[in-house]
Structures are given as structure tokens and as C-alpha cells.
Amino acid sequence: FMFEGTIFSTGGYSAEYGQALSSVLILNTKGLPEDEELNISLLSVGLDLGGTKKWKNGAITATLNHTNLGPYMSIAPQNQNWEKYPFFNSGAVSIRQKTKKSGMFKFYSNFGNSKMELNTEDIENNNKLTSYRLNNTNYYTNASWRGILSEKWMLHTGLSYTNEKDIIDIESANLNQKTNGGHIKNVFTYFLNEKVKVKLGGDVFFTNYFQNFSDNSSNNFSEYKETLYSGFVEANIFISSKFVVRLGGRMEYGDYLKDATFSPRLSSAYKLSENSQLSIAYGEFYQNPNEQYMIYSQDLNQERASQYIASY
């Protein structure tokens, strides 16, 4: 209901995207809806409510969801000893508004909370039952604007913020994890002529991650904060009606690892006939190590993948 198109690229993707070693999933959100609607779904494990309200140049969509697996798990045999069946609550709101000169402003925000408690067998302790409790809360929001600046320039700008918190209890031990993240992105597109289109822009990623572990004998706190800066430039060149080349590069620098990288990207496609095409791609791709490693050491480098792809 939210996306009008998705693109899953498993390699050789654009220099516009970084911090991904092997693939990117590009999600294009919908524009203005055609109709107003109200949706109600009654399920054996929950309830869904959703609705859309339109006005002249805009619309708002809101959804609410409650899921409780208790009714299902109480009649279906379970391998786990549940103290509290998993349940989830979530809500979302999306606003779309046309602006002058064919511009479009979009705002999206959602909230979710989930809980569960169970007693599970510990195979390292003679299958003794161990209590496990999880409480997860997450919040995400983004806003973006896309529009035409002039005859040859287009701008797509946006920002997002995420907050996620896990409280995990295993017997007398407690683990609290929290992530705050932000992302600002600007992409300019310049139409040099009918055969050449140039994209350039940059991102700033903010990350603050911490975890606190405590039990009967200790209390340990770990944290890291990073701001990652990146910039890219890329040209799409239509050499002929059958041959196209995309050439670009991306630079990134993170102030936590103090690691600067440059990622060249190249891809091209040639149409051999009406039903066949030959494509090649090359690129260097980087991604930060897992958060579980970064909180303990700054003496790390970004992970790296080199890709050489040919396809027919």
C-alpha cells in the first residue's frame, strides 16, 4: 500500500548508494492516491485499521495495527513454554502534498512496540528452563521533497530519523540496547543534453549506539558515536540508441573509525538485438563493521567488496 515500485540490485549499483557491500533495495513511495478509502481487517490474531483522506493537492493516510499471537498459540502445539505470547502494536501516518512547479513533498512516520516472555530449555545446562523476556520499541520518520529547479536542474532532498530500543532479560541478567540514527541526503540531477545526464550529491549519516549489560556481579556500559560524510558524482551517457554507460565514484569518511574510502563505479549495457542484451559492471563497495564490534574498538577498517559482473 505504500510503494509503487521496488528495485532490488544485487551488484554494480549506482554511486548514489553506499554503506552496502552486496545489494540495495530501492523503494519508491506512492504519489497522490486516486481515491479516499477506509480499510478494516479483522483477523484471528489481531486488527488492522487504515484510511486515506484527500484534498485538492494532497492526501493523508493513517494505519493502526494490533497483533496478538495468543489465540493461535493457545490451540496450536508449541515447542516453547510461553509466559506471555508475542504481541505487536504499530501505527503509521503518511502525508503527501504537491508544491509549485511539479514539486512533491512527502512525510512518513511510524511507531512500533512488541513484547514477549518465555521459558526456554538451556541445552548447555541440562535443559534447565531459562526465562527470556524481550521488549522492543522503535520509531522512524522521514521527510523528502523532489522538484524542478530550472530547465536543466532537478533536486531531491530528504532527511530521516530512527530510534530503536531493546530491553532483554535472561534470568537475572539484563541487556539494554539503543540506537539513534539520522540521515540527510541531497541529490542534484543536471540534464546536460539529450544523451548525457549527470547526478551529484551527498549524504550525512549520524549514529549513536549504546548497550548496557548487568547481572548479579557486574555492570558494563559501551557506546559509540559516528558521523559519516559521503559525496558522489555520476554520469549516464547514451552513446547510441543501443549502448549506454554509467560512470561515477563515491567518497566516504567516518569520524569514529577515521577511515576514508573511494569507490569507483562503472556499468554499461549494449542491446545486441530486439530480445538480447549484454551488460558489464565493476565497482568497489564499503560498509561499516557490525555495531557489536564498533562499540569495543576504533581500530577497524570498513568492510570491502570488489565486484566484477558480466551478464547476458
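Caption draft 1: Up close: the overall build of the protein. Helix and strand counts for the protein stand at 2 helices and 16 strands. For the protein, the accessible area works out to roughly 19,100 Å², and carbon and sulfur atoms hold 55% of it. Distance between charge centres in the protein, computed from 29 positive and 31 negative side chains, equals 12 Å.

Caption draft 2: Representation of unusual backbone geometry in the model. The backbone phi angle of asparagine 126 is positive, close to 55 degrees, even though this residue is not glycine. When its relative accessible area of 76% is taken as the criterion, asparagine 126 is described as exposed. Phi at asparagine 127 takes a positive value of approximately 60 degrees, unusual for a residue other than glycine. Among the secondary structure elements, asparagine 127 is positioned in the loop between β7 (103-122) and β8 (128-148).

Caption draft 3: Representation of the pattern of salt bridges in the model. Overall, the coordinates contain 9 salt bridges when judged by the stated rule. With a closest N to O distance of 3.5 Å, glutamate 36 and lysine 53 form a salt bridge. Taken together, the residues span a long stretch of sequence, with glutamate 36 in the loop between β2 (24-29) and β3 (37-43) and lysine 53 in strand β4 (residues 46-55) at a distance of 17 residues. For lysine 53, a relative accessible area of 48% corresponds to the partly exposed category. Here arginine 133 and aspartate 169 are joined by a salt bridge, their closest N and O atoms 3.9 Å apart. Of the two residues, arginine 133 sits in strand β8 while aspartate 169 sits in strand β9 (residues 153-170), which places them 36 residues apart along the sequence.

Caption draft 4: Examining the side chain of arginine 96 more closely. Position of arginine 96 relative to the elements: it lies in strand β6 (residues 81-99). Reaching out from arginine 96, the side chain makes a polar contact with the side chain of threonine 61 at a distance of 2.5 Å.

Caption draft 5: Examining the pairing of β4 more closely. Taken together, the 7 bridges between β3 and β4 define a ladder with antiparallel strand orientation. When the bridges of β4 are listed, asparagine 39 appears paired with glycine 50. Inspection of the sheet shows β4 paired to strand β5 (residues 58-68) by 10 bridges, in the antiparallel sense. Following the sheet pairing, glycine 46 is matched in β5 by threonine 67. In this structure, the hairpin formed by β4 and β5 is closed by a connection of 2 residues.

Caption draft 6: Region of interest: a nonpolar patch on the surface. A contiguous nonpolar surface patch, about 630 Å² in accessible area, is contributed by Leu38, Ile40, Leu42, Leu47, Leu49 and Leu64. For the nonpolar patch, the element with the highest residue contribution is β3, accounting for 3 residues. Relative to the elements of secondary structure, leucine 47 occurs in strand β4. Leucine 47 gets classed as partly exposed once you look at its relative accessible area, which sits at 32%.

Caption draft 7: Spatial organisation of the packing of aromatic side chains. The final tally for this structure, using the stated rule, is 9 aromatic pairs. On the numbers, 5.1 Å between centres and 40 degrees between planes, the contact of tyrosine 282 with tyrosine 308 is tilted. Here the residue tyrosine 282 occupies a position in strand β15 (residues 276-287), and tyrosine 308 occupies one in strand β16 (residues 303-311), the gap between them amounting to 26 residues. Here the aromatic residues Trp153, Phe188 and Tyr190 are joined through ring pairs into a cluster of three or more.

Caption draft 8: Molecular detail of the environment of lysine 225. With respect to the secondary-structure elements, lysine 225 resides in strand β12 (residues 219-238). By relative accessible area, which is 54% here, lysine 225 ends up exposed. Between the C-alpha atoms of lysine 225 and glutamine 292, which are 67 residues apart in sequence, the distance is 13 Å. Dropping the residues within four chain positions of it, lysine 225 is found in contact with Thr207, Asn208, Asp255 and Tyr256.

Caption draft 9: Examining the environment of asparagine 119 more closely. Here asparagine 119 lies in strand β7. In this structure the side chain of asparagine 119 is engaged in a polar contact, spanning 2.8 Å, whose partner is the side chain of glutamate 83.

The rules behind these values
- Residues numbered from 1 in each chain as written.
- Predicted model: local features only at pLDDT ≥ 70, side-chain atom pairs only at ≥ 80, totals over all residues.
- Heavy atoms only, no water.
- Helix = DSSP H or I, 4+ residues; strand = E, 2+ residues; numbered from the N terminus.
- Areas by Shrake-Rupley, 256 points an atom, 1.4 Å probe, with all protein chains shown as cover.
- Lys, Arg positive; Asp, Glu negative; His and termini not counted.
- Charge placed at Lys NZ, Arg CZ, Asp CG, Glu CD.
- Buried < 20%, exposed > 50% of the residue type's maximum accessible area, 1.4 Å probe, protein only.
- Salt bridge = Lys/Arg side-chain N within 4 Å of Asp/Glu carboxyl O.
- Polar contact = N/O pair within 3.5 Å; in protein donor to acceptor, adjacent residues only side chain to side chain.
- Pairing = 2+ DSSP bridges.
- Patch = residues over 30% accessible without salt bridge, like charges linked within 9 Å, V, L, I, M, F, W, Y side chains within 5 Å.
- Phe/Tyr/Trp six-rings, centres within 6.5 Å; stacked < 30°, edge-to-face > 60°.
- Contact = heavy atoms within 4.5 Å.

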